Amino acid sequence: MASSGPVQKSEEDWRAILSPEQFRILRQKGTEYPGTGEYDKFNGDGVYNCAGCGTPLYKSTTKFNSGCGWPAFFEGLPGAINRTPDPDGRRIEITCAACGGHLGHVFKGEGFPTPTDERHCVNSISLKFTPAS
């Protein structure tokens, strides 16, 4: 179910549709343990959607192996991801632009051989993969 615009739900509604771990990460800005996520070492052809609302976020062609323990992408789909500096200014949080679900953080200038020199470090549980047809 892909979103066609902003998705607003109550905390109760989110708890009803998300697993407890999805709720902890997507709605409470948690982090899964490194190396434990379903998509960390996964390489399939398709699209990664928001696990909360179904909005397409990343193409599989932008995924790369950063060795960080979480899925890494060098860019999201246009308009799909919001960026907000953390209160301490040390990191930039990335969220789904449609539902506000926490995805992870984006890092710049780490020297990975990607077109953007960015690493979107994303919790696997925040994503749902849809294979190409």
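Residues numbered from 1 in each chain as written. Predicted model: local features only at pLDDT ≥ 70, side-chain atom pairs only at ≥ 80, totals over all residues. Heavy atoms only, no water.

### Focus on the overall build of the protein
Part 1 of the argument: Regarding its fold elements, the protein presents two helices and nine strands.
Part 2 of the argument: Along the protein, from the amino end to the carboxyl end, the secondary structure elements read α-α-β-β-β-β-β-β-β-β-β.
Part 3 of the argument: Here the C-alpha atoms of the protein give a radius of gyration of 14 Å, agreeing with the 14 Å that 2.2 N^0.38 yields for 133 residues.
Part 4 of the argument: Along the first, second and third principal axes, the C-alpha set of the protein runs to 45 × 40 × 30 Å.
Part 5 of the argument: Across the 133 residues of the protein, 45% fall into the buried class.
Part 6 of the argument: A sequence separation of at least 24 residues applies to 54% of the contacts in the protein between residues at least 6 apart. (Helix = DSSP H or I, 4+ residues; strand = E, 2+ residues; numbered from the N terminus. Rg over C-alpha atoms; globule rule 2.2 N^0.38 Å. Buried < 20%, exposed > 50% of the residue type's maximum accessible area, 1.4 Å probe, protein only. Contact = heavy atoms within 4.5 Å.)

### Remarks on the pattern of salt bridges
Part 1 of the argument: Under the counting rule described, the total for this entry stands at eight salt bridges.
Part 2 of the argument: Residues R24 and E21 are paired through a salt bridge, measuring 2.9 Å at the closest nitrogen-oxygen approach. Taken together, the residues span about one helical turn, with R24 and E21 both in helix α2 (residues 20-27) at a distance of three residues.
Part 3 of the argument: Among the salt bridges present, the one from R91 reaches D86, with a minimum N-O distance of 3.3 Å.
Part 4 of the argument: One network of salt bridges, with partners in common, ties together R83, K108 and E118. (Salt bridge = Lys/Arg side-chain N within 4 Å of Asp/Glu carboxyl O.)

### Points about the sheet that holds strand β5 (residues 81-85)
Part 1 of the argument: Strand order in this open sheet of six strands is β3-β4-β8-β7-β6-β5, and the pairing throughout is antiparallel. Looking at the sheet topology across the chains shown, the edges are occupied by β3 (63-64) and β5.
Part 2 of the argument: Sheet topology places strand β6 (residues 92-96) next to strand β7 (residues 102-108); four bridges connect them, and they run antiparallel. For T95, the partnering residue across the bridge sits in β7 and is H102. (Pairing = 2+ DSSP bridges.)

### Some points on the UniProt feature "domain: MsrB" (unreviewed entry) in the protein
Part 1 of the argument: The positions UniProt marks with the feature "domain: MsrB" (unreviewed entry) are residues 11-132.
Part 2 of the argument: Secondary structure content for residues 11-132 is 12% helix and 33% strand, while the C-alpha to C-alpha distance between its ends is 33 Å. (UniProt positions renumbered as here; feature names shortened; annotations may be inferred.)

### Describing the pairing of strand β1 (residues 46-50)
Part 1 of the argument: Counting buried residues along β1, four of its five residues qualify, which places the element largely inside the surrounding structure.
Part 2 of the argument: Inspection of the sheet shows β1 paired to strand β9 (residues 127-131) by five bridges, in the antiparallel sense. By the bridge assignment for β9, N49 is matched with K128.
Part 3 of the argument: Where β1 meets strand β2 (residues 56-59), three bridges bridge the pair, whose relative direction is antiparallel. Pairing of N49 across the sheet is with P56, part of β2.
Part 4 of the argument: Between β1 and β2, which pair antiparallel one after the other, the connecting turn spans five residues, and G54 there sits at a positive phi close to 85 degrees.

### Examining the packing of aromatic side chains
Part 1 of the argument: Under the definition given, this model contains eight aromatic pairs.
Part 2 of the argument: Arranged with centres 5.5 Å apart and planes meeting at 85 degrees, the rings of Y39 and Y48 form a pair that is edge-to-face. The two residues Y39 and Y48 agree in class, both being buried.
Part 3 of the argument: When the ring of F42 is compared with that of F129, the centres are 4.8 Å apart and the planes differ by 70 degrees; the resulting orientation is edge-to-face. Residue F42 is found in the loop between α2 and β1, and its partner F129 is found in strand β9; the two are separated by 87 residues along the sequence.
Part 4 of the argument: For F42, a relative accessible area of 29% translates into the label partly exposed.
Part 5 of the argument: Under the relative-accessibility criterion, F129 is labelled buried at 13%. (Phe/Tyr/Trp six-rings, centres within 6.5 Å; stacked < 30°, edge-to-face > 60°.)

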